[in-house]
Amino acid sequence: MTFTRPDNARVFRSLHTPTAPLALANAWDVASARVIEAAGAPAIATTSAGVAWSLGSPDGDLLGRERALKAIARIVAAVEVPVTADIEGGYGEDAPGVAETVAGVLAAGAVGINIEDGTRPPAELAARLEAARKTAERAGADLFLNARVDTFLFGLGDPDARLEETLARARLYVDAGADGIFVPGVTDAAAISALAGGVSVPLNVMAGPGAPAVAELGALGVARVSLGSGVAQAAYAAARRAAQELFTTGDHGSLAGGIPFPELDALLSHGPE
């Protein structure tokens, strides 16, 4: 059984266009999701790292399926916009395990997933994508599968052959059922343009310091731009600054600029049931 909202699934798919790239400020809990939605987000993406950190776990497929799915379900229930969930490698030891995770994602109401290859052989992610696609089809769900290629992020392989290796993986993943390709770690305009022109599905890149602005990325052919764990990192940096200031100088000026208490409290008081 799936509780995914069909309208949200169609809307989410339609948002992927280089003309106006889908910009995603990734959330990690209900409060961050509500803040991001209130700021005007057309969709919410989760950050697996941020979710893991908020629950006391490091990133890297260590959180566990049950805890991850509970977090996804809470976020979906808290917002009106479509939600896509970062499920790392799929929270399963093999393709059947990934299928079980995807069934849980659908039951939680998410309309998309991010699933990554990391240091796994590309054929293994292809098998996981095929299992995810079949699970969604059996449920009658229009699930957007975003396949993450980690060649640039992890510096895998020969640097001179990295672009071609990334494109080869991307094409394999599209053949396995991916609706989008996510290549974090690439900021060079020429490489981004080559990636966008070399795949037949929407390209997603990760923005941050040193990366082009969203409009510039769209001009290069990018259809989706994510901040990844960056927002969570910035939030925790703010907490550290406030604590260090308090413990060293006894001051508290770094609290200036915070969201006013009534505004933040209201966001959590009037969310969807």
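It should be emphasised that the depicted structure is a prediction, and the values quoted were computed from it without experimental measurement.

J.: It is not clear to me how the packing of aromatic side chains should be interpreted in this structure. Could you clarify?
T.: Think of a pair of aromatic rings as described by two things: how far the centres are apart, and how the planes are tilted against each other in angle. Following the criterion strictly, the structure yields three aromatic pairs and no others. Here the aromatic rings of F12 and F144 are separated by 5.7 Å at their centres, their planes lie at 90 degrees, and the arrangement is edge-to-face. Note that F12 is positioned in helix 1 (residues 6-14) and F144 in strand 5 (residues 144-148), a separation of 132 residues in sequence. This pair shows no difference in class: F12 is buried, exactly as F144 is. With 6.5 Å between their ring centres and 70 degrees between their planes, W53 and Y236 make a pair best called edge-to-face. Residue W53 is located in helix 3 (residues 48-54), and its partner Y236 is located in helix 10 (residues 230-248); the two are separated by 183 residues in the primary sequence. Put simply, the rings of W28, W53 and Y236 touch in pairs and so form one group of aromatic residues.

J.: Can you walk me through the nonpolar core in this structure?
T.: Note that soluble globular proteins tend to have their nonpolar side chains buried in a common cluster. Counting 61 residues, the largest nonpolar core has I44 and I181 as its most contacted members. It is helix 4 (residues 65-78) that provides the largest number of residues to this core, a total of seven residues. Other than its neighbours up to four places away in sequence, I181 contacts N146, A147, V149, A170, Y173, V174, V201, P202, L203 and N204.

J.: What is the right way to read the layout of surface pockets from this model?
T.: It is a probe the size of a water molecule, rolled over the atoms, that shows where empty space is left. Taken as a whole, the largest pocket encloses approximately 540 Å³ of empty space. Along the walls of the largest pocket sit 20 residues, with A235, A238, G258, I259 and L264 positioned nearest its centre. At the level of secondary structure, the elements contributing two or more residues to the lining of the largest pocket comprise helix 2 (30-38), helix 10 and helix 11 (261-269). Take the lining of the largest pocket: its biggest share by element is six residues, from helix 10. Within the lining of the largest pocket, the residues separate by chemical class into 14 nonpolar, four polar and two charged. Estimates place the volume of the second largest pocket at around 410 Å³. Counting only elements with at least two residues in the lining of the second largest pocket, the list comes to helix 3, strand 3 (83-86), strand 8 (224-226) and helix 10. For the lining of the second largest pocket, the element with the highest residue contribution is strand 3, accounting for three residues.

J.: Looking at this structure, how should I read unusual backbone geometry?
T.: Leaving glycine out, the prevailing phi sign among residues is negative, and the prevailing peptide bond configuration is trans. You will see that E88, though not glycine, has its phi angle at about 50 degrees, which is positive. Its relative accessible area of 1% is what places E88 among the buried residues. Of note, Y91 is a non-glycine position whose phi angle comes to about 50 degrees, a positive value. Of note, Y91 is situated in the loop between strand 3 and helix 5 (95-108).

Conventions we followed
- Numbering of residues starts from 1 in each chain and follows the order in which that chain's sequence is written.
- Given that the model is predicted, a residue must reach a pLDDT of at least 70 before its local features are reported, and side-chain atom pairs must reach 80 or more before they are shown or counted; all residues, however, enter totals for whole chains, interfaces and linings.
- Calculation of side-chain values draws on the structure's entire complement of heavy atoms; hydrogens and water are dropped beforehand.
- Aromatic contacts are taken between Phe, Tyr and Trp rings whose centres are within 6.5 Å, Trp giving its six-membered ring; a plane angle under 30 degrees counts as stacked, one over 60 as edge-to-face, and the others as tilted.
- Labels follow the DSSP assignment, with helices taken as runs of H or I lasting at least four residues and strands as runs of E lasting at least two, numbered in each case from the N terminus.
- Summary of the burial criterion: residues with accessible area below 20% of their type's maximum are buried, those above 50% are exposed, and those between are partly exposed, where the area comes from a 1.4 Å probe applied to protein chains only.
- Among the buried residues, those of types Ala, Val, Leu, Ile, Met, Phe, Trp, Tyr and Cys that are joined through side-chain atoms within 4.5 Å form a nonpolar core.
- In what follows, a contact means two residues having at least one pair of non-hydrogen atoms within 4.5 Å.
- Only protein atoms enter the 1 Å grid used here, on which a cavity is any set of points holding a 1.4 Å probe that cannot leave and a pocket is any open set flanked by protein within 12 Å on both sides along at least five of seven lines; residues with an atom within 4 Å of a point are listed as lining.
- Grid points are joined across faces, edges and corners, and a volume is the space filled by probe spheres set on the points.
- Polarity classes work like this: nonpolar for Ala, Val, Leu, Ile, Met, Phe, Trp, Tyr, Cys and Pro, charged for Asp, Glu, Lys and Arg, and polar for all others, with Gly in that last group.

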